[in-house]
Amino acid sequence: MMRHLAQTRVACIAVAAILLTGCTTFSNDGGFGAVSTTASQRLGKDAVYVKTDEDREAVFKRTRELLSKPLGMDDAVQLALLNNRGLQAAYGELGVSEADLVQAGRLPNPGFTFSRTHWSDGFGISRTFSVGVLGLLTLPLATRVEGRRFEQTKLETANAMLAVAADARKAYVNAVAAQQAALYAEQVKDSAEAGAELALRMRQAGNFSRLDYAREQAFYAESVAQLAKARQQSVMAREKLTRGMGLWGSGTQFELPDRLPELPKERPQLDDLESFAMRNRLDIQAAKLRTESVASSLGLTKATRFINALDVGYLNNFETDKGHERGYEISVEIPLFDWGSAKTARAEAIYMQSANRLAQTAIDARSEVRESYSAYVTSYDVAKHYRDEVVPVRKTISDEMLLRYNGMLASVFELLADSRDQVAAVNGYIDALKDYWVAETDLQQSLGGRLPPLAAMSATQPASPTNSEGK
């Protein structure tokens, strides 16, 4: 009697646990809280999932506020997080994954069968109420598997958000650099046009050689072509930034600053970056959860490989000559031809595939950190060399040439020739500065969206401005 009570109690506890597991419901934030927290902690920005008219109105007001002034680099990132429709579509994966989790935690619907038959001297009524036992038994494990997948989806969605932010940041750098280069190309063209016109007049007066005249005309012709090319590159870079920020209509009329942010005073010392990336990268964390989920699925497959269907039903039949007939039935497929070995082999292959992909993700991440750090160091050193060596020397030469011209020790054409020599130095500095900010963004992305905290603080301290566009 006591044993029977104990068995009954254990059965009741098991049924209660299954029923509680079957009460899985949708969360308040739909999993978006993980994305929002990542944006706040790693980018210092707000991520918004636009689902209602109130959300759209709030995003519109914030967008209008950011567009009311020249865009900064952080403004461009924030606009992308608010308006990029591809990112909003990626957020939909959270809803799909959470729906799968809730569905996995729901009890299977019972089945009911009713039949009524006639014969010569009577009739029979059959009623069957059935429920899938296998679904009940595997429901807790299936819920845990889908729970891991939901956490994995959160990480992957947050990582997609970081990728959109990085793309917007790089697009901003390229757009500002292209605009700056186009403005300088226009200055060069104007200077070349003035020189070509002066050369023509002196040639007509017989005071200028044919070679010198051709040289000035060639420089002017090349400057016209370079200006057209620079303007087109500026348009392309600006449109790419526009797409990244998800702007259209009047929003495309945003204003960019005249030049890129200045180079930081010093390059921060960054140590043990590979270990930091292993701890911080969301794609690695997602790959780990994916492998754990596959391992759990493998355990589930091994536990159920011999049973393809298991149903328990309650019978209540009635025949006119026999009266009511009550009982139960169990329906199970006999593993006569399929012993489940194929399912197990498939699950094991998927697990090994996931484990190897995790290992490759880690290997790729370490390589990306080393590569992006090398590019970061090199681009900083090159930009600093232009800032501290090339541009100041070119400015000194220009100042001295201007003094010689004012003292009538140099001709106007020597002054123009010196101006031509400055073109390569100025364009080189613009490209070097652009390469640095792009390299810093790539390094941040390879580390999981941010630099180590102390390094990030020192990387935001700019040096004193340098007049890189000498006249």
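Basis of the calculations
- Residues numbered from 1 in each chain as written.
- Predicted model: local features only at pLDDT ≥ 70, side-chain atom pairs only at ≥ 80, totals over all residues.
- Heavy atoms only, no water.
- pLDDT = per-residue confidence, 0-100.
- Helix = DSSP H or I, 4+ residues; strand = E, 2+ residues; numbered from the N terminus.
- Contact = heavy atoms within 4.5 Å.
- Salt bridge = Lys/Arg side-chain N within 4 Å of Asp/Glu carboxyl O.
- Buried < 20%, exposed > 50% of the residue type's maximum accessible area, 1.4 Å probe, protein only.

Considering the confidence of the model for the protein chain
Of the residues in the protein chain, 77% reach a pLDDT of 70 or more, and the chain-wide mean stands at 81. Mean pLDDT values for the elements of the protein chain range from 48 in helix 1 (residues 2–21) up to 96 in helix 4 (residues 73–83). For residues 306–310, every residue scores under 50 in pLDDT, and the model assigns this stretch 16 contacts once sequence neighbours within four places are set aside. Here residues 464–471 is modelled with pLDDT under 50, and outside its nearest four sequence neighbours on either side it reaches 23 contacts, counting other chains as well.

Structural notes on the pattern of salt bridges
For the structure on display, the rule yields 20 salt bridges. For Lys 170, the salt bridge goes to Asp 442, with nearest N and O atoms at 3.0 Å. Of this pair, Lys 170 sits in helix 6 (residues 133–204) while Asp 442 sits in helix 11 (residues 412–446), and the two are 272 residues apart along the sequence. Put simply, Arg 231 and Glu 186 hold a salt bridge, and the shortest N to O gap is 3.7 Å. Of this pair, Arg 231 sits in helix 7 (residues 210–245) while Glu 186 sits in helix 6; the two residues are 45 residues apart in sequence, bridging distant segments of the chain. For Arg 231, a relative accessible area of 43% gives the class partly exposed.

A few points about the side chain of Ser 223
Following the sequence through the fold, Ser 223 ends up in helix 7. Ser 223 gets classed as buried once you look at its relative accessible area, which sits at 6%. Beyond its immediate stretch of four places on either side in the chain, Ser 223 contacts Val 188, Lys 189 and Ala 192.

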